[in-house]
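Descriptive structure summary
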Amino acid sequence: MKRPGSLGRLGRLGSATVAAALLTGCGVRQSDVVEAGGPATVTVLPDAEQRVILFFVSSEGRLTPESRGFFLSQEGEYVVPGGKVLTMLLDGPSEQARAAGLHTKLPRSRGFVGVKGGPDQVLVRVPIAVRDLEKTAVRQLVCTAAYVDGGDGNAEVIITGDDGRLPAMDCDA
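The paragraphs below set out a description of the structure included in this document. Keep in mind that this is a model prediction, so the values were computed, not measured. (Residues numbered from 1 in each chain as written. Predicted model: local features only at pLDDT ≥ 70, side-chain atom pairs only at ≥ 80, totals over all residues. Heavy atoms only, no water.)

Compared with the 16 Å implied by 1.5 Å per residue over 12 residues, the 16 Å span of helix 4 (residues 135-146) between its first and last C-alpha is a close match. Along helix 4, 10 of the 12 residues are buried, which leaves the element largely enclosed by surrounding structure. Every buried residue belonging to helix 4 is among T136, A137, V138, Q140, L141, V142, C143, T144, A145 and A146, and all of these are buried. (Helix = DSSP H or I, 4+ residues; strand = E, 2+ residues; numbered from the N terminus. Expected span 1.5 Å × (residues − 1). Buried < 20%, exposed > 50% of the residue type's maximum accessible area, 1.4 Å probe, protein only.)

So this is what it looks like as structure tokens:
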């Protein structure tokens, strides 16, 4: 008669087989790292010649770009004047961007927005007081202005508002 809790000869053999299978990894052999190419890239649509970049604030408080497409001018070129781009920024994020959690720290405003300059320096005139804006709101203006008119984000930006001028800044986003 068997003692309670003891395994018979077949039970011990089955337990040994299971233990051996677990210890050998079920026959899966270790392999070397397999090269699969470079890092993943993301294509932003519309492409760079058909979009403007506006900077808004994520729900975590980080500056986040929103890409918006635009249409051909009557001359067949993709052109959005810098003043229009900054007006779009002051109008706030699109419905889709709001649904994704983006918002703005800038006050809504109507009035003349002017942008002039080139790839190295951009001068911006906005119809709001700028001296008491939160740092994030100023960065929204600076980074958006640094990308207007085909800019690459490296331009020095000078912002003038209803209450004066801010020191020259660059986009550190």
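Having seen the structure, we can now continue with the description.
Turning to the packing of aromatic side chains, a few remarks are in order. The full count for this structure, using the stated rule, is one aromatic pair. With centroids separated by 5.6 Å and ring planes inclined at 35°, the aromatic side chains of F55 and Y147 adopt a geometry described as tilted. Of this pair, F55 sits in strand 1 (residues 51-57) while Y147 sits in the loop between helix 4 and strand 5 (156-161); the two residues are 92 residues apart in sequence, bridging distant segments of the chain. Judged by its relative accessible area of 6%, F55 is buried. Exposure remark for Y147: the relative accessible area of 29% places this residue in the partly exposed category. (Phe/Tyr/Trp six-rings, centres within 6.5 Å; stacked < 30°, edge-to-face > 60°.)

Counting residues in each nonpolar core, the largest one holds 35 residues, and the members touching the most others are L86, V124 and I159. Put simply, the parts of the chain that give this core at least two residues each are strand 1, helix 2 (82-91), strand 4 (121-125), helix 4 and strand 5. If you tally residues by element for this core, the top one is helix 4, at seven residues. Beyond its immediate sequence surroundings of up to four residues, V124 is in contact with L86, G114, V115, A145, V157, I158, I159 and T160. (Core = buried A, V, L, I, M, F, W, Y, C linked by side-chain atoms within 4.5 Å. Contact = heavy atoms within 4.5 Å.)

Before going further, it helps to examine the pattern of salt bridges. Tallied over the full model, the rule gives six salt bridges. Between D91 and R110 there is a salt bridge, with the nearest N and O atoms lying 2.7 Å from each other. In this pair, D91 is assigned in helix 2 and R110 in the loop between helix 3 (95-99) and strand 3 (114-117), connecting sequence segments 19 residues apart. The salt bridge partner of K105 is E134, with a shortest N-O separation of 3.9 Å. Linking K105 in the loop between helix 3 and strand 3 with E134 in the loop between strand 4 and helix 4, this pair joins segments that are 29 residues apart in sequence. (Salt bridge = Lys/Arg side-chain N within 4 Å of Asp/Glu carboxyl O.)

Spatially, 3-4-5-6 is the arrangement adopted by the four strands of the open sheet, whose pairing is mixed. Whereas interior strands pair on both sides, the edge strands pair on one side only; in this sheet they are strand 3 and strand 6 (164-165). Where strand 5 and strand 6 come together, two bridges link them in antiparallel fashion. Each residue of the ladder has a partner; that of T160, found in strand 6, is R165. Each of strand 4 and strand 5 touches helix 4; the most contacted strand, strand 5, lies at about 125° to it. (Pairing = 2+ DSSP bridges. Axes fitted to C-alpha atoms, helices over the stretch in contact; angles between N-to-C directions.)

With their axes 10 Å apart at the nearest point, helix 2 and helix 4 run at an angle of 150° to one another. You can see that helix 2 and helix 4 cross each other, and the crossing is right-handed. Contacts between helix 2 and helix 4 involve V85, L86 and L89 on the former and, on the latter, Q140, L141, T144 and A145. When grouped by side-chain class, the residues that make up the contact of helix 2 with helix 4 number five nonpolar, two polar and no charged. (Left-handed = near helix turned anticlockwise from the far one by under 90°. Nonpolar A, V, L, I, M, F, W, Y, C, P; charged D, E, K, R; others polar.)

Considering all chains together, one arrives at one disulfide under this definition. Note on cysteine connectivity: C143 is disulfide-linked to C171, with sulfurs 2.1 Å apart. Looking down the S-S bond of the C143 and C171 bridge, the torsion is 95°, so its handedness is right-handed. Of this pair, C143 sits in helix 4 while C171 is found in the segment after strand 6, placing the two residues 28 residues apart along the sequence. Each member of the pair, C143 together with C171, is buried. (Disulfide = S-S within 2.5 Å.)

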